[in-house]
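Listed below are the residues making up each chain.
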Amino acid sequence: NAEGATIAAVAGGTSDIDNDGTIDAVTSGSTTVANDGTITTIDTGDAVINNAGTIGSGGVSAAGLDLVNSGDVEADVLATGTTTIDNSGTIAGSITTGEGGDSVTNQSSGLISAGLSLGAGSDDLINDGTINGDVDLGTGDNTFSNSSDNSINGNITAEGDDDTGVNTGTITGNVDLKAGNNSFTNDGTVTGNFTSADGSDTFVNNGVFTGDITVGDGDNFVTNNGAIIGNLIAGDGNDTIIFGEGA
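Considerations on the pairing of strand β32 (residues 221–224)
- Where strand β29 (residues 202–205) lies against β32, four bridges are found, and the strand directions are parallel. In the sheet register, Phe203 faces β32, and the bridge partner there is Val222.
- Summarising the sheet, β32 and strand β35 (residues 240–243) pair through four bridges and their orientation is parallel. Considered in β35, the bridge of Phe221 is made with Thr240.

A closer look at the nonpolar core
- One finds Ile49, Leu65, Val77, Leu116, Phe184 and Phe194 to be the most contacted residues of the largest nonpolar core, which totals 43 residues.
- Elements with a contribution of two residues or more to this core: β3 (22–28), β5 (38–43), β6 (47–51), β7 (54–62), β8 (65–69), β10 (77–79), β25 (175–178) and β31 (213–215).
- Here this core takes three residues from β7, the largest share from any one element.
- Here Leu116 is in contact with Ile95, Val104, Leu125, Ile131, Asp134, Val135 and Asp136, once residues within four sequence places are set aside.

Description of the packing of aromatic side chains
- Counted according to the given criterion, the structure contains five aromatic pairs.
- Centre to centre, the rings of Phe144 and Phe184 are 6.1 Å apart; their planes meet at 25°, and the pair counts as stacked. Here Phe144 is found in strand β20 (residues 143–146), whereas its partner Phe184 is found in strand β26 (residues 183–186), with 40 residues between them in sequence. Accessibility assignment for this pair places Phe144 and Phe184 in one class, buried.
- The rings of Phe144, Phe184, Phe194, Phe203 and Phe209 are connected pair by pair, giving a single aromatic cluster.

Reading the values: rules and limits
- Residues numbered from 1 in each chain as written.
- Predicted model: local features only at pLDDT ≥ 70, side-chain atom pairs only at ≥ 80, totals over all residues.
- Heavy atoms only, no water.
- Pairing = 2+ DSSP bridges.
- Helix = DSSP H or I, 4+ residues; strand = E, 2+ residues; numbered from the N terminus.
- Core = buried A, V, L, I, M, F, W, Y, C linked by side-chain atoms within 4.5 Å.
- Buried < 20%, exposed > 50% of the residue type's maximum accessible area, 1.4 Å probe, protein only.
- Contact = heavy atoms within 4.5 Å.
- Phe/Tyr/Trp six-rings, centres within 6.5 Å; stacked < 30°, edge-to-face > 60°.

Dropping the structure here:
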């Protein structure tokens, strides 16, 4: 679709779309989209989308989804299958995925404005930009990282299993990994509480943590070489607690 041209709708079976103009709606089966223009709504089966333009108020809804966004997505992104998102632009809505091992990378120029809910499966979240809103990692053995000079402004939760998190940036919110053999390392700044329920957990703080640290029943390992401004609460089990020179 050429620049300046308008198409009301693309519907039907498999579609391969290269858009430099305006499309009101894409409602088709398996779909490949290269968008440098404006598409108001994308609602498809499995979709591969490279967006350098604008996806408007209808957002994106797909089964499986591979989204590379360097433009603007003005509404929610919803996928029910396995999802890969690489964002260096702006996603103004929330991101919600279903079952599957999902991967979300938010690049240094990326902004996700309304949080994420990643559903079931072992998911991977890498934040090198800014996320505003809560992050729900769902069930599965999830990993997340928040890099230096970048921020997650919201609560981070997981629904059990064995989760691993690393923060070298700023988290403003609680980190609640629930039951499982969880691991969390803070080399940055966290303003909020950390909670991990039953399981053998590892908590390492080399930065500044303003909030309470709670590890549940199990053989837990806690190391602090930074500053914890709050209480340390441990459940039953054989715990190892080390306070280093910087503590």
